[in-house]
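Close look at the chain arrangement
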Amino acid sequence: MTNHIIVVGAGPAGSSAAMGALRAGAKVTIVDRKTNVGIPVQCGEAIGKTGPGVAEIEIPEESIRAPVRGFRIYSPGQVSVDYATKEPSGFIIDRRVFDKELFARATEAGADSLLGARVLDVTRSNGTIDGAVVRYNGQRQTLKAQIVIGADGVNSQIARLTGLRKAYKPDDIDSCFAYEMANCNLEVTDLMEFLLGSEVSPRGYIWIFPKGNGRANVGIGIGGGIETKTAKEYLDHFLKNHDVAKRQLNDAKVIETRVGALPVCGPNKVNVVNGALLVGDAAGQIHPITGGGMGYAMVCGSIAGRVAAESAQKETVTATNLQQYEKEWRKLYGAEFDQSLRLRELILQTEDATLDKLANIVTGESIVQLTAGKKVKIFMKAMSTGDRKLITLMQELRKLRMV
Amino acid sequence: MPPTTSTSGKKRDKKLADVDGELCGVCQACATVCPVNAIEVTESYIKILPEKCTGCGVCVKVCPVGAIVLIDR
Ligand SMILES: Cc1cc2nc3c(=O)[nH]c(=O)nc-3n(C[C@H](O)[C@H](O)[C@H](O)COP(=O)(O)OP(=O)(O)OC[C@H]3O[C@@H](n4cnc5c(N)ncnc54)[C@H](O)[C@@H]3O)c2cc1C
Ligand code: SF4
Ligand code: SF4
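Residues numbered from 1 in each chain as written. Chains lettered and ligands numbered in written order. Predicted model: local features only at pLDDT ≥ 70, side-chain atom pairs only at ≥ 80, totals over all residues. Heavy atoms only, no water.

**Structural notes on the packing of aromatic side chains**
All names here are of chain A. The tally for this structure, following the rule as stated, stands at 10 aromatic pairs over all chains. Ring centres 6.2 Å apart and planes at 55° place the aromatic pair W329 and F337 in the tilted group. Relative accessible area serves as the criterion here: at 0%, W329 is assigned to the buried category. According to the relative accessible area criterion, F337 is buried, its value standing at 1%. (Phe/Tyr/Trp six-rings, centres within 6.5 Å; stacked < 30°, edge-to-face > 60°. Buried < 20%, exposed > 50% of the residue type's maximum accessible area, 1.4 Å probe, protein only.)

In structure tokens:
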């Protein structure tokens, strides 16, 4: 099986990995347990145009529903902070079209595909992974390859089978529920709205993303360990009782319901073993604060595909060779993920009232910088409020060199 | 009911996770936190493997729609 790569998963990570490998001259087979790629949608459907590496990724035009210029964040006490660029900086897309189109393009570029094939196991020779066992048409089959790319999402079996990840703890993931809604009366149609607070969405947030034509993606992610209510119950309660919902979604109708799980604990420590590597949600490449993962999955996917193809060509598929992939993607996003994880921990420890005070002094610009892991100038402003808890928060941020 | 014994001879709890297939939207949250990988995920449904499930209940916590409960074995 010279030069042959199996990609497990036909999501954004898998299709991008396939593309990367094809461009570097490999033979690729994409395997997915689904027969309908992109369905069901389990996503907020927001993707940015900017960010390290992202300029090179291709967002299929037919998937774009609405351009967005930034965000509006509501603090727990409804202090709102806006951020908007002049030109659109991202899009709300239709995930089912998006995933399908990326997958179609990979097959058009030469990838073979096996749909309806669920990976059950990996095969090894001399400790190096050299294939995958799938259940296809009711039967077990073994597919051989030089490298297996695990792009099989949040519940990656490749991650578990290679020992690169154990089970998540409940608070390592967000438990998500969302509605696609029609007949919405949004106050801003080119900003993404976020609502924070221990009452509305403990350890997470509620989002309202505009999809154009009065449609919106309205959802919630709460900490997986939260036991007071389910994610669905929190969202339903918000829609019925919260001012922001009443103003905009009073007449809105549900046209689809969605569930999802999102790792928010940062990437896996290691994502390569002899003969296999992980990418996308399987690798935990999700922003620990925003929960965004598509852009990272695509950029890291194309790096993974290229490195895998080059290693396969040289017939050196050891973890040491595949390490090049880790090096390249961590150079782009490693620091951002690390800092965001620390910032996330701090935010989670901060009381609602202090978040309100913080909202009073930050600009949208500084929120963008902070979530990108960059330093901002809000220290003096915070000190001048004289608020003890806000000042303590600033001192903690200073220790992290974030203010 | 006495505790059942698995093939490995380990004593297991008397509880077992049970999913309501009509509520479940196959988000996989439960599967990602299951310490023993007892939840199989297919394209359209999840299956809890009774021979693996220890009845620990972690999966129940994370379900966004409350589709999993613990039942007596
Ligand atoms: C509710 C929610 C909202 C989100 N909102 C956003 C957002 O607004 N913006 C954003 O950028 N990101 C968002 N994300 C994150 C984003 O959805 C993921 O980061 C992204 O889908 C990762 O892509 P992936 O290709 O790694 O995995 P996936 O898209 O999950 O693809 C994995 C594929 O692998 C297949 N597979 C899994 N196991 C097997 C197996 N054993 N055998 C064969 N095939 C298998 C699956 O069928 C699937 O097709 C959100 C996530 C959730 C849950
Ligand atoms: S009860 Fe525990 S062992 Fe059983 S399926 Fe749920 S998480 Fe897994
Ligand atoms: S967590 Fe709930 S909705 Fe998600 S797959 Fe498990 S049972 Fe289904």
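Now that the structure is up, let's keep going.
**Regarding the confidence of the model for chain B**
Residues and elements named next belong to chain B. Mean pLDDT over chain B works out to 88, with 82% of the residues at or above the 70 mark. Across residues 1–10, confidence stays below pLDDT 50; counting only partners more than four residues off in sequence or on other chains, it has 12 contacts. Both scores are given for the predicted complex: the pTM is 0.95, the ipTM 0.94. (pLDDT = per-residue confidence, 0-100. Contact = heavy atoms within 4.5 Å.)

**Topic: the pattern of salt bridges**
Residues and elements named next belong to chain A. Per the stated rule, a full pass over the model turns up 27 salt bridges over all chains. The shortest N-O distance in the salt bridge between D387 and K357 comes to 3.0 Å. Placement of D387 in the loop between helix 10 (379–385) and helix 11 (388–399) and of K357 in helix 8 (residues 352–361) is noted, with a sequence separation of 30 residues between them. When salt bridges that share partners are traced, they join E45, R65, D94, R96, E180, K211, E256 and R258 into one network. (Salt bridge = Lys/Arg side-chain N within 4 Å of Asp/Glu carboxyl O. Helix = DSSP H or I, 4+ residues; strand = E, 2+ residues; numbered from the N terminus.)

**Focus: the environment of L393(A)**
All names here are of chain A. Following the sequence through the fold, L393 ends up in helix 11. With a relative accessible area of 9%, L393 lands in the buried category. Separated by 33 residues in the primary sequence, L393 and N360 have C-alpha atoms spaced 14 Å apart. When residues no more than four places from it in sequence are discounted, the contact partners of L393 are L346, T350 and L358.

**Let's talk about the site of ligand 3**
What surrounds ligand 3 is a group of 14 residues, the closest being C24(B), C27(B), Q28(B), C30(B) and C63(B). When grouped by side-chain class, the residues that make up the shell around ligand 3 number 12 nonpolar, two polar and no charged. (Near = heavy atom within 4 Å. Nonpolar A, V, L, I, M, F, W, Y, C, P; charged D, E, K, R; others polar.)

**Observations regarding the interface of chain B and chain A**
Contact with chain B, which involves 23 residues of that partner, is made by 27 residues of chain A. Across the chain B to chain A interface the summed buried area is about 2100 Å²; carbon plus sulfur atoms make up 52%. Taken as a group, T32(B), E43(B) and P64(B) account for 31% of the area that chain B buries against chain A, more than any other trio of residues on that side. If you look at where chain B meets chain A, you find two salt bridges. Notably, a salt bridge pairs R118(A) with E40(B), separated by 3.5 Å at the nearest N-O pair. Here chain B is connected to chain A by 16 residue pairs in polar contact (both at pLDDT 80 or more). Residue assignment for the side of chain B that touches chain A shows that the elements contributing at least two residues are helix 1 (29–33), strand 2 (39–41) and helix 2 (58–62) of chain B. No other element matches the four residues that helix 1 of chain B contributes to the side of chain B that touches chain A. (Buried area = accessible area lost by both parts, 1.4 Å probe. Polar contact = N/O pair within 3.5 Å; in protein donor to acceptor, adjacent residues only side chain to side chain.)

**Some details on the pairing of strand 14 (residues 191–195) of chain A**
Residues and elements named next belong to chain A. Most of strand 14 is tucked away: five of the five residues are buried. Across the two faces of strand 14 the burial is the same, with L191, E193 and L195 and M192 and F194 all buried. Here five bridges tie strand 5 (residues 70–74) to strand 14, and the two strands are oriented parallel to one another. What sits directly across from I73, in strand 14, is F194. For strand 14 and strand 15 (residues 205–212), the ladder comprises three bridges, and the chain directions are antiparallel. Its bridge partner being in strand 15, F194 is matched across the sheet by W207. (Pairing = 2+ DSSP bridges.)

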